[in-house]
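Below, each chain spelled out in residue letters.
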Amino acid sequence: MPALALSRLKIQPLTPGLPPLKTRRLYLFIRSLQSRLALDHKRCSRKAVRWSMLSCASLAVKIKRKPPGCVKSESSPPSFLKFMAERMRHLPMILLFAGGLLASGCATNPVTGKKDLALMSEDQEIRLGKRAHQQIMQQYRPYNDLELQHYVEGIVNELSRNSHRDNLEFHVTVLDSPQVNAFALPGGYIYITRGIMAYMNSEAELAGVLAHEIGHVTARHGVRQHSVATITDLLGAGIGILTESRAASQAADLGSMVWIRGYGRKHELEADRLGAEYLARTGYDPEEMINVVGLLKSQEEFETRQAEKEGRAPNIYHGIFSTHPDNDARLQEVVRAANKFKSATAHTTNREKFLQHMDGLVLGPGERDGVLRGRKFYHGDLDLFIEFPEGWTVDNLPERLVARPTNRMVQLQITTANLTAHETPENYLKRNWSRLHTGQAIHTVDFHGYTGRTTFNFKGSFLPGRIAVIIQDTRVYEIRFVGKDQGAFEQHDNAVLETIKSLRNLKGGEAKLAKPKHIRLIRAKPGDTFASLAKQSTISDQPVERLRLLNGMYPDGEPKAGQWIKIIH
């Protein structure tokens, strides 16, 4: 028998003060909760169950049918204030109902042994994680290196055996992404990108990041966050029904996507504490947690400056784990507290073993994403070349290219689509875009296309822009250019037209330029400096600083003779 008294609630067909349509929506809304929030009553305290039953009983009383004599005549419609008061008088009912859910949705935290808000059992958590994993893998792809994947799996398995949920089967995936990130889903799903691994220099540092993410799983942070989001969503939906407001339900949706971006400060610090404990129990030095924070902090500082200069968002690791300094008193406290869990079997940092796995690692965008060299874009799989305007910043995102000038007054976006039927670029564009004028054909070195001026509807405002299509065999490149005002559009329109006309196939030796950058390992020789090593690199923008970052020696370290050093090839 479900613990929630909601399952016993008898809902009357009408609610006083609401029109029939709104009554029906509220009826369906509450009925849907009965199927969504069935909980095991053994997980909840008797006090919480009693509170839930009282809350829902109160709700049942609130929504009973009102006698017909109490209904106001339609000939005297209420004022706006009375109308809103009539709607909002149901707000306490909704709040009380949500309070009942919060009180009844409790479960024992595997780490603390205390009751936490959790609207799902462990089996439900695992199913949620499995569904979310499928969604994640639609956005990302696994990195094509089985040896590295198995190496990371071994570390996660060892750490999880020394965690508070050693019964849980953990799954880890190395993602083929240049993003600097690692994150965890409920049910034991861990992800780490090759982008963040490039900045590490030992197995112990890698274990520190993985242990932190395992801490999120063992403390059920994802479950607790999802439960709060569920309550918020349901509350917002209920208020939206009663008040006819979309804003309430839309605001409730904002908290539902949290896992990739990280958790709140409290949960991040708890994951630091648990990660340090799991490191110690597994035989790693928990101080490695502080080392990881230091190297990620250096990457964040450098990347933030670069992003500001280029007018883009920085690519940094989420959460408190990167944003607090490595001398933060709270971090040092939780890390040093883990020393009492140190294993008798001490692990080395395994620097060389880890670095061997980094030899050949793709750095930056992969071959299937295309390679940006300055303002020129090369894509081997698509056999495509594009040249962007001078001084523009280009973001090579998984599904599109986005380019902007430094003033950010205009934006250019390029996406691809499949051509389902044989047609001319002009027909394709006019069939898919009605607001088109001043059309003209475009002929590049290898392709044909069509373009025209148009307007884009952005949050109710119509902005000037240009739309273009370029057809390459059965592939269509859709190019959208929009300005914040007419002046900005006119200022950059000619440069954008030149970019559109630059699309062509790769020529001669350009196929080599479409190959991504890789990390290579070398032994430092006497007299080697990062300045001398940078001359062997293909990086043109601050190569010395980037090499120091990759080797954990930012901002002014130098290699020692005989030391393994990562260079960029």
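Residues numbered from 1 in each chain as written. Predicted model: local features only at pLDDT ≥ 70, side-chain atom pairs only at ≥ 80, totals over all residues. Heavy atoms only, no water.

Across its full length, the protein chain holds 20 helices and 18 strands. Among the 569 residues that make up the protein chain, the fraction classed as buried is 50%. Put simply, the protein chain shows about 27400 Å² of open surface, and 52% of that area lies on carbon and sulfur atoms. (Helix = DSSP H or I, 4+ residues; strand = E, 2+ residues; numbered from the N terminus. Buried < 20%, exposed > 50% of the residue type's maximum accessible area, 1.4 Å probe, protein only. Areas by Shrake-Rupley, 256 points an atom, 1.4 Å probe, with all protein chains shown as cover.)

Before going further, it helps to spend a moment on the environment of Gly215. Considering the arrangement of structural elements, one finds Gly215 in helix H8 (residues 203–218). Judged by its relative accessible area of 0%, Gly215 falls in the buried class. Put simply, Gly215 and Gly275 are 60 residues apart on the chain and 5.6 Å apart in space, counted from C-alpha to C-alpha. Leave out the neighbours within four places in its chain, and Gly215 touches His221, Ala271, Leu274 and Tyr278. (Contact = heavy atoms within 4.5 Å.)

Evaluation of the coordinates by the stated rule reveals six aromatic pairs. On the basis of an interplanar angle of 75° and a centroid distance of 6.1 Å, the ring pair of Phe302 and Tyr554 is categorised as edge-to-face. Placement of Phe302 in helix H12 (residues 288–310) and of Tyr554 in the loop between helix H20 (543–550) and strand S18 (564–568) is noted, with a sequence separation of 252 residues between them. Each member of the pair, Phe302 as well as Tyr554, is classed as buried. Through a chain of ring-to-ring contacts, three or more aromatic side chains come together here, namely Tyr140, Phe183 and Tyr191. Directly above the ring of Phe385 sits Arg504, whose terminal nitrogen or CZ lies 3.9 Å from the centroid. (Phe/Tyr/Trp six-rings, centres within 6.5 Å; stacked < 30°, edge-to-face > 60°. Lys NZ or Arg CZ within 6 Å of the ring centre and 35° of its normal.)

Turning to the confidence of the model for the protein chain, a few remarks are in order. Note: predicted coordinates in regions of low pLDDT should not be interpreted at a detailed level. Averaged over the protein chain, the pLDDT score is 78; the fraction of residues at 70 or greater is 69%. Of all the helices and strands in the protein chain, helix H10 (residues 246–253) carries the lowest mean pLDDT, 39, while strand S3 (residues 171–175) carries the highest, 98. Contacts from residues 1–18, a stretch scored under 50 in pLDDT, to residues over four places away or in other chains number 62 contacts. Between residues 319–323, whose pLDDT stays under 50, and residues either more than four places distant or in other chains, the model counts 22 contacts. (pLDDT = per-residue confidence, 0-100.)

This brings us to the sheet that holds strand S7 (residues 371–373). Across the sheet, which stays open at both edges, the three strands sit in the order S7-S8-S9 with antiparallel pairing between neighbours. Only two strands of the sheet have a single partner each, and these edge strands are S7 and strand S9 (384–387). On average, each strand axis in the sheet is tilted by 20° relative to the strand beside it, whichever way the strands run. One ladder, built from three bridges, connects S7 with strand S8 (residues 376–379); its direction is antiparallel. Its bridge partner lying in S8, Leu372 is registered against Phe377. (Pairing = 2+ DSSP bridges. Axes fitted to C-alpha atoms, helices over the stretch in contact; angles between N-to-C directions.)

Judged by nonpolar contacts, the single largest core of 71 residues is most densely connected at Leu148, Val152, Leu159, Ile192, Met197, Leu206 and Leu210. A per-element tally of this core places H8 first, with eight residues. Every residue in contact with Leu159, bar those within four places of it in the chain, is listed here: Ala207, Leu210, Ala211, Ile214, Tyr278, Leu279, Thr282 and Tyr284. Counting residues in hydrophobic clusters, the runner-up holds 24 residues, among them Val394, Leu401, Phe489 and Leu503. (Core = buried A, V, L, I, M, F, W, Y, C linked by side-chain atoms within 4.5 Å.)

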